[in-house]
2 protein chains.
Amino acid sequence: MSNGKTTLRDVAAAAGVSPMTASNALHGKAGVKQSTRAKVLEAAERLNYRINLTASMLKSGRSNIIHIIVNEFDSPFYSRLVQSLANETTARRLTPFVEQTRYSPDAAKQALTTNPFSGQLFDGEIIHASGLGTNLPLAKMNAGRPLVLIDGCEENPSVDTVNFPNEEGARAAVQHLIERGCRRIAIVGGGYTPRVKLAHVETSYGLRLRGASGALLDAGLPYDGSVTFNGYNSKEGMKAGHEIGDLIIASYRHQIDEPPIDGVFCANDYSAFGVIRGLADHGLRVPDDVKVIGIDGTSFGAYSTPTLSTIQVDLDQLAQFALDMITRRIEERMHGGTTVAPTRATIGYQLVARESTEIVRR
Amino acid sequence: MSNGKTTLRDVAAAAGVSPMTASNALHGKAGVKQSTRAKVLEAAERLNYRINLTASMLKSGRSNIIHIIVNEFDSPFYSRLVQSLANETTARRLTPFVEQTRYSPDAAKQALTTNPFSGQLFDGEIIHASGLGTNLPLAKMNAGRPLVLIDGCEENPSVDTVNFPNEEGARAAVQHLIERGCRRIAIVGGGYTPRVKLAHVETSYGLRLRGASGALLDAGLPYDGSVTFNGYNSKEGMKAGHEIGDLIIASYRHQIDEPPIDGVFCANDYSAFGVIRGLADHGLRVPDDVKVIGIDGTSFGAYSTPTLSTIQVDLDQLAQFALDMITRRIEERMHGGTTVAPTRATIGYQLVARESTEIVRR
DNA sequence: TTGAAAGCGCTAACAT
DNA sequence: ATGTTAGCGCTTTCAA
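Parameters at a glance
Residues numbered from 1 in each chain as written. Chains lettered and ligands numbered in written order. Predicted model: local features only at pLDDT ≥ 70, side-chain atom pairs only at ≥ 80, totals over all residues. Heavy atoms only, no water. Least-squares fit on C-alpha atoms with pLDDT ≥ 70 in both. Contact = heavy atoms within 4.5 Å. Near = heavy atom within 4 Å. Polar contact = N/O pair within 3.5 Å; in protein donor to acceptor, adjacent residues only side chain to side chain. Helix = DSSP H or I, 4+ residues; strand = E, 2+ residues; numbered from the N terminus. Buried area = accessible area lost by both parts, 1.4 Å probe. Salt bridge = Lys/Arg side-chain N within 4 Å of Asp/Glu carboxyl O. Nonpolar A, V, L, I, M, F, W, Y, C, P; charged D, E, K, R; others polar. Buried < 20%, exposed > 50% of the residue type's maximum accessible area, 1.4 Å probe, protein only.

1. Examining the relation of the copies chain A and chain B
Mapping between the two chain copies consists of a rotation about an axis together with a translation along that axis.
Then step 1. You can overlay chain A on chain B at an RMSD of 0.1 Å; the transform is a turn of 180° with a shift of 0.0 Å along its axis. Accordingly, the operation relating the two chain copies is best matched by a two-fold axis. Every residue of chain A has its C-alpha some distance from the rotation axis, and the shortest such distance is that of Thr54 of chain A, at 2.6 Å.
Then step 2. Looking at chain A, 100% of its interface residues are interface residues in chain B too, so the copies touch through the same face.

2. Digging into the protein's contact with DNA strand C
Then step 1. Close contacts around DNA strand C come from 23 residues, with Thr21, Thr36 and Lys59 of chain A together with Leu8 and Tyr49 of chain B the closest.
Then step 2. Close to the protein, within 4 Å, the atoms of DNA strand C are drawn from sugar and phosphate at a rate of 70%.
Then step 3. In this structure, a phosphate oxygen belonging to DNA strand C sits 2.4 Å away from a main-chain N or O atom of Leu8 of chain B.
Then step 4. A distance of 3.4 Å separates a phosphate oxygen of DNA strand C from a polar atom in the backbone of Asn52 of chain B.
Then step 5. Broken down by secondary-structure element, the contributors of at least two residues to the surface near DNA strand C are helix H2 (19–26) and helix H4 (53–60) of chain A together with helix H2 (19–26) and helix H4 (53–60) of chain B.

3. What about the interface of chain A and chain B?
Then step 1. Between chain A and chain B, the contact holds 58 residues from the first and 58 residues from the second.
Then step 2. For the chain A and chain B pair, buried surface summed over both sides reaches about 4700 Å², with 57% attributable to carbon and sulfur atoms.
Then step 3. By the criterion of area lost to chain B, the three top residues of chain A are Arg50, Arg277 and Tyr303 of chain A, representing 16% of everything that side buries.
Then step 4. There are two salt bridges connecting chain A and chain B.
Then step 5. Measuring nitrogen to oxygen at the nearest pair gives 2.5 Å for the salt bridge that ties Glu355 of chain A to Arg277 of chain B.
Then step 6. Considering every element that reaches the side of chain A that touches chain B, the biggest residue donor is helix H5 (residues 76–91) of chain A, with eight residues.
Then step 7. Of the residues assigned to the side of chain A that touches chain B, the class counts are 25 nonpolar, 21 polar and 12 charged.

4. A short note on the side chain of Ser79 of chain B
Then step 1. Inspection of the secondary structure assignment puts Ser79 of chain B in helix H5 (residues 76–91).
Then step 2. Its relative accessible area of 3% is what places Ser79 of chain B among the buried residues.
Then step 3. Engagement of the side chain of Ser79 of chain B in a polar contact is seen with the backbone oxygen of Pro76 of chain B, the distance being 3.4 Å.
Then step 4. In contact with Ser79 of chain B, other than residues within four places in its own chain, are Phe73, Asp74, Ser75 and Ser79 of chain A together with Phe73 of chain B.

Structure, rendered in structure tokens:
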């Protein structure tokens, strides 16, 4: 016991066995007599022994730590994502190590490459970060180490990927607005992209735009630069709400019958709250004057005023898929197995209709 | 280079120096010739060398990792807290390792005691977790390892502690309601505790209650079981909102002049959103019918409808204080210095008045 | 069923 | 300014 810390040696000595036997006993390995194991466990307990993981890792090359990389902690969406991933990681007796890139592609790249923890301390990595779109860099960056990409949106993924139901979800959201009677539907998110350019998009917003615009065109409704607005978070969403509000107020003034906008699809919930706020600043009410739907399904939408209709994505399923993939790769790696081609999965979603898209009798 | 991984040996060999010189060169230690350092760095770059942290930790006993323990990731408050702590940790060239206890005191205890990472892998720990109130266990649990407690609320802290302005903030919030004309103020949080029992409370809510009730009594307003409600999150807050709404509606029916409740102080923002939602379910409007104020200052209050008045606490300052304390303890420990008595600090706050407490002309 | 030897990759301490 | 030695605490391998 050097330096006040009990080592395996101490435990072994106290139990009257070799360090190796003590190690095996503590790890519950087969081939240790019951009585011997009992002695060892007792000694460990008595001496308050705790394994030194650095030593264990150094020798075994495994840490059971999964590196989870996201853009930031403090957003309703990411905090929920991290929660799901961390819970599922823990459930599988692995340890989650969460890191944020703060939306810097450099930081994300660094997290995977120059960061000395990566690949040495971590058994695998799960990443959801912006600016990592393209194919080649990723596979190379991780140099064959177990890696799962969240919402990579690649057509031909080079690594295991779990995608959000971007296109399907956005389509369902817009169809819902149409069913609720909307005829002039705005899209708030990353602005306008013509349909032809959406054919092979590989970004989350691009896919959402494809789904949303598809639903509009299928219903014979307009999709062009006049119905798209910028707004990816609450702050920007509020600005979009102001712009939309300006249009509506102007139409009132000119006594135009058809409202210029009567429904809004927001590329995420966070932005939707901002839009509602922005409309409220102009005295416009949701759903009375304009209906609003988001996508993501952050828990907050159930308690806001009005409560928010949204596309709820199944983040627990996402976490399960991601951990299935990563553990499979880790196993594969341990047993030097054959490398299987990258897998892809898309998680489920559910339309949750709440007050913000209710039909209001006038 | 065994197993495809470049080791320090490889770099040293390639640069034509000893491993020790290579190590010193890579770490920028003094006493290495410029030309030698250059050779080493070039070799490391070329061979794509990355230090093996497990080995380094094992030998040096330092990891530069700070363990951050919180109740959960997915709450507006905790995600913001973690963000601040993680940013500040990174800014000091340390690595944050975030863990959630999911509100289980056992998990918190385990994170500090039986978790093998603790004290072996981590240089220090910062914890904000429920169920860790009492003095003795904590100091013991961490067995002298650097530890900082967030919002421990102890009268005589046994470890370094950074507290929230619980009492002062709650007092300011209630005084604000009074200034805005409220005369029947409800407190939504953890229920009722008589004043005498609040004299030596050591919990966050207890202190908030002391501040709030103090402000009420000082103004000659009632503080008793009839003005306190349970509601610590949005869901419970919504229920409290329903209860308060019931009271108000009943008073309308009985044509009572004085409203039974005209202001609500919520023990956190999250709960405040729920209260507003609950009141809305009864057709009651904020601030028109009831004024509401929260405490914490989560960013969301700026975009909600109505925007939420709150006590904004300075989480960046909290992170600074906490890291000052922990790095001081780590240094102290390295240099075997004298153990200084536990420090305590309370962070600042700011009253942010928004729509939810605006005076409405009828 | 148990133990002895060897070494993971690095760095503190001590030479040179 | 550079190199040598030793060993952190554990586990893999092989022998008993």
